Amino acid sequence: MMIKVSLRHLLPLAILLCLAPLAQAQYKVVGPDGKVTYTDQPPADPKAKVQAVATPGGGAVPTASLPVALRGPASRYPVVLYAARGCQPCDAGRGLLVQRGIPFSEKRVETPADIEALQRMSGSRALPLLTIGTQQVRSLSTAEWNGYLDAAGYPHESQLPANYQRPPSTPLTMPQAAAAPAPASTPDTAAPPPAPAPTNGPNIRF
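Q: Provide a residue-level description of the pairing of strand β6 (residues 129-132), including the pertinent values.
A: Where burial is concerned, the two faces of β6 agree: the one with Leu 129 and Thr 131 and the one with Leu 130 and Ile 132 are both buried. Bridging between strand β4 (residues 79-83) and β6 involves four bridges; their strand directions are antiparallel. For Val 79, the partnering residue across the bridge sits in β6 and is Ile 132. Bridge count for β6 against strand β7 (residues 135-137) is three bridges, and the pairing is antiparallel. The residue of β7 that forms the bridge with Leu 130 is Val 137. What sits between the antiparallel neighbours β6 and β7 is a turn of two residues, in which Gly 133 has the positive phi angle 70 degrees.

Q: Lay out the nonpolar core with the relevant residues and their values.
A: Grouped together as the largest cluster of nonpolar side chains are 23 residues, with contacts concentrated most on Val 79, Leu 97, Leu 130, Ile 132, Trp 145, Leu 149 and Tyr 154. At the level of elements, α2 (68-76), β4, α3 (88-100), β6 and α5 (142-152) are the ones that each hand at least two residues to this core. If one sorts the elements of this core by residue count, α5 sits on top with four residues. Those residues within four positions of Leu 149 in sequence are excluded, and the remaining contacts are Val 79, Leu 96, Leu 97, Arg 100, Ile 102, Ile 132 and Tyr 154. Membership of the second largest hydrophobic core comes to eight residues, among which are Val 109, Leu 118, Met 121 and Leu 129.

Q: So what about the environment of Leu 118? Which residues, and what values?
A: As for its position among the elements, Leu 118 is in helix α4 (residues 112-122). What makes Leu 118 buried here is its relative accessible area of 1%. Distance in space between the C-alpha atoms of Leu 118 and Thr 173 is 9.4 Å, their sequence separation being 55 residues. Contact partners of Leu 118, with chain neighbours within four places excluded, come to Val 109, Gly 123, Ser 124, Arg 125, Ala 126, Leu 127, Leu 129 and Leu 172.

Q: Tell me about the pattern of salt bridges, and name the residues and values.
A: In total, this model carries five salt bridges according to the counting rule given. Taking the shortest distance from any N to any O, the salt bridge between Arg 100 and Asp 150 comes out at 2.5 Å. Note that Arg 100 is positioned in helix α3 and Asp 150 in helix α5, a separation of 50 residues in sequence. Residue Arg 100 is classed as buried on the basis of its relative accessible area, which comes to 8%. Overall, the relative accessible area of 33% leaves Asp 150 in the partly exposed class.

Q: Before we move on, can you summarise the sheet that holds β6 with the specific residues and values?
A: Strand order in the open sheet formed by five strands is β7-β6-β4-β5-β8, and the pairing between neighbours is mixed. At either end of the open sheet lies a strand with only one pairing partner, and these are β7 and β8 (170-171). The strands touched by α4 within the sheet are β4, β5 (104-108), β6 and β7, with β6 carrying the most contacts at an inclination of about 55 degrees.

Reading the values: the criteria
Residues numbered from 1 in each chain as written. Predicted model: local features only at pLDDT ≥ 70, side-chain atom pairs only at ≥ 80, totals over all residues. Heavy atoms only, no water. Buried < 20%, exposed > 50% of the residue type's maximum accessible area, 1.4 Å probe, protein only. Helix = DSSP H or I, 4+ residues; strand = E, 2+ residues; numbered from the N terminus. Pairing = 2+ DSSP bridges. Core = buried A, V, L, I, M, F, W, Y, C linked by side-chain atoms within 4.5 Å. Contact = heavy atoms within 4.5 Å. Salt bridge = Lys/Arg side-chain N within 4 Å of Asp/Glu carboxyl O. Axes fitted to C-alpha atoms, helices over the stretch in contact; angles between N-to-C directions.

Okay, here's the thing in structure tokens:
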């Protein structure tokens, strides 16, 4: 007996199998001189301001409490939905995942920093964005989303228990921690005020 498998079904599987299941964390680093860089390692300079940035495939849900049929796919290819409030396509995509019983985490895109991180991560500002492992699915297409979920091994019917609680949505970028205030100088040790800057115009560094 011969079984015909179309290229449309093989392509998502081939892409998923070729990708690493976990993505490394990224950091947005603002140096003392104001220069912004992105890296997968925390900076050595203690004066640099660091902001964690979500990466495709990040934010996996805990798998220990999931049914056996979901533990494998959820650990190898965690599903993350990137969405915004008031976005009807995002609501439709969320509904698809909930109806199928996909355990997923959700990242909110709200602030300019979130939009910048989304642009850098996916090359686009379009929402919703779905990641399955490190595979990105940008368009909201029921057939395409289901095709990638099938290829990743997720069941067609919901296997989640009735009391399953989805993780709450979290911001795409973590709020930057405020710097600790510098200790006040006493009058006898206060440094002289700095000389006034030249008034030839603003000195802006990028």
